[in-house]
Amino acid sequence: MKRKRLIYLGMIMVGMVLALAPNGNAQQPASIKVAVVFDIGGRGDGGFNDSAYRGMEKAVSELGVRADYLEPAGSLEREAAIKKAAASDADVVLGVGFIFTDLITDLATRYPLKKFICIDYALRYDSH
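None of these values were measured; they are calculated from a predicted model.

### Re the side chain of Thr101
- Mapped onto the fold, Thr101 is located in helix 4 (residues 101-110).
- For Thr101, a relative accessible area of 4% puts it in the buried group.
- Every residue in contact with Thr101, bar those within four places of it in the chain, is listed here: Cys118, Asp120, Tyr121 and Ala122.

### Things to note about the sheet that holds strand 2 (residues 66-70)
- Overall, parallel pairing links the four strands, which are arranged 2-1-3-4 in an open sheet. Since the sheet does not close on itself, it has two edges, and those belong to strand 2 and strand 4 (115-119), each with one partner. Recorded for the sheet is a direction-independent mean angle of 20° between the axes of neighbouring strands.
- In terms of strand pairing, strand 1 (residues 33-37) meets strand 2 through five bridges, oriented parallel. By the bridge assignment for strand 2, Val37 is matched with Leu70.
- Here helix 2 (residues 48-63) sits on the sheet in contact with strand 1, strand 2, strand 3 (92-96) and strand 4, set at roughly 155° to strand 2.
- Those strands touched by helix 3 (residues 75-87) are strand 1, strand 2, strand 3 and strand 4, and its axis lies near 175° from that of strand 1.

### Quick word on the environment of Asp106
- Looking at the element boundaries, Asp106 is found in helix 4.
- There is a polar contact of 3.0 Å between the side chain of Asp106 and the side chain of Arg110.

### Some remarks on the nonpolar core
- Counting residues in hydrophobic clusters, the biggest one holds 15 residues, and the most contacted among them are Val37, Leu70, Ile82, Ala85, Phe100, Ile104 and Phe116.
- Of all the secondary structure elements, the ones that give two or more residues to this core are strand 1, helix 3, helix 4 and strand 4.
- At four residues, helix 3 tops the list of elements feeding residues into this core.
- Sequence-distant contacts of Val37, that is, excluding residues within four places in its chain, are made with Leu70, Pro72, Arg78, Ala81, Ile82, Ala85, Leu94, Gly95, Val96 and Phe100.
- Of all hydrophobic cores here, the second largest spans 14 residues; its members include Ile32, Val65, Val96 and Ile117.

### Section: a nonpolar patch on the surface
- Among the surface-exposed residues, Tyr121, Leu123 and Tyr125 lie close enough to one another that they form a single nonpolar patch of about 400 Å² accessible area.
- Assignment of secondary structure puts Tyr125 in the segment after strand 4.
- On the basis of relative accessible area, Tyr125 is assigned to the exposed category, the value being 71%.

### Topic: the environment of Met56
- One can find Met56 in helix 2.
- Relative accessible area serves as the criterion here: at 1%, Met56 is assigned to the buried category.
- Here the alpha-carbon distance between Met56 and Asp68, two residues twelve residues apart in the chain, equals 9.7 Å.

### Re the packing of aromatic side chains
- Counted according to the given criterion, the structure contains two aromatic pairs.
- Judged by centre distance (5.9 Å) and plane angle (15°), the rings of Phe38 and Tyr69 are stacked. One end of the pair, Phe38, is in the loop between strand 1 and helix 2; the other, Tyr69, is in strand 2, with 31 residues separating them in the sequence.
- Under the relative-accessibility criterion, Phe38 is labelled buried at 0%.
- A residue is classified by how much of its surface remains accessible, and Tyr69, at 22% relative accessible area, is partly exposed.
- With a centroid separation of 5.1 Å and 55° between ring planes, the pair formed by Tyr53 and Tyr69 is classed as tilted. With Tyr53 in helix 2 and Tyr69 in strand 2, the pair connects residues that are 16 residues apart, well separated along the chain.
- Above the ring of Tyr69, the side-chain terminus of Arg43 is found at 5.2 Å from the ring centroid.

Conventions and cut-offs
Residues numbered from 1 in each chain as written. Predicted model: local features only at pLDDT ≥ 70, side-chain atom pairs only at ≥ 80, totals over all residues. Heavy atoms only, no water. Helix = DSSP H or I, 4+ residues; strand = E, 2+ residues; numbered from the N terminus. Buried < 20%, exposed > 50% of the residue type's maximum accessible area, 1.4 Å probe, protein only. Contact = heavy atoms within 4.5 Å. Pairing = 2+ DSSP bridges. Axes fitted to C-alpha atoms, helices over the stretch in contact; angles between N-to-C directions. Polar contact = N/O pair within 3.5 Å; in protein donor to acceptor, adjacent residues only side chain to side chain. Core = buried A, V, L, I, M, F, W, Y, C linked by side-chain atoms within 4.5 Å. Patch = residues over 30% accessible without salt bridge, like charges linked within 9 Å, V, L, I, M, F, W, Y side chains within 5 Å. Areas by Shrake-Rupley, 256 points an atom, 1.4 Å probe, with all protein chains shown as cover. Salt bridge = Lys/Arg side-chain N within 4 Å of Asp/Glu carboxyl O. Phe/Tyr/Trp six-rings, centres within 6.5 Å; stacked < 30°, edge-to-face > 60°. Lys NZ or Arg CZ within 6 Å of the ring centre and 35° of its normal.

Following this line, the structure appears as structure tokens:
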């Protein structure tokens, strides 16, 4: 069951990158650069981080997407890494894990021309 969910997650990642391709055309995504910021555990965790990596590697090999991987060691490095990714030349910033929710929400308002994706995003509703 877990393996099946991880495969679906990888497929969703590829679909998200395709959806962000210019004009929805899969022939032109070579211009898309995605910065992936892993959660604690990084690659080799057997979970979301590995699935995100496999999905991005598939997008790189099959679609020509460029990927930049950031693997922070702790919470302070994680915040710095996602901010660095947002300020970079990446078209898309991907945070792997709900821990990025608040940071991505804030960064998306500061970088309105950039696309942000968060795996396991925790949506918050206003009390109004």
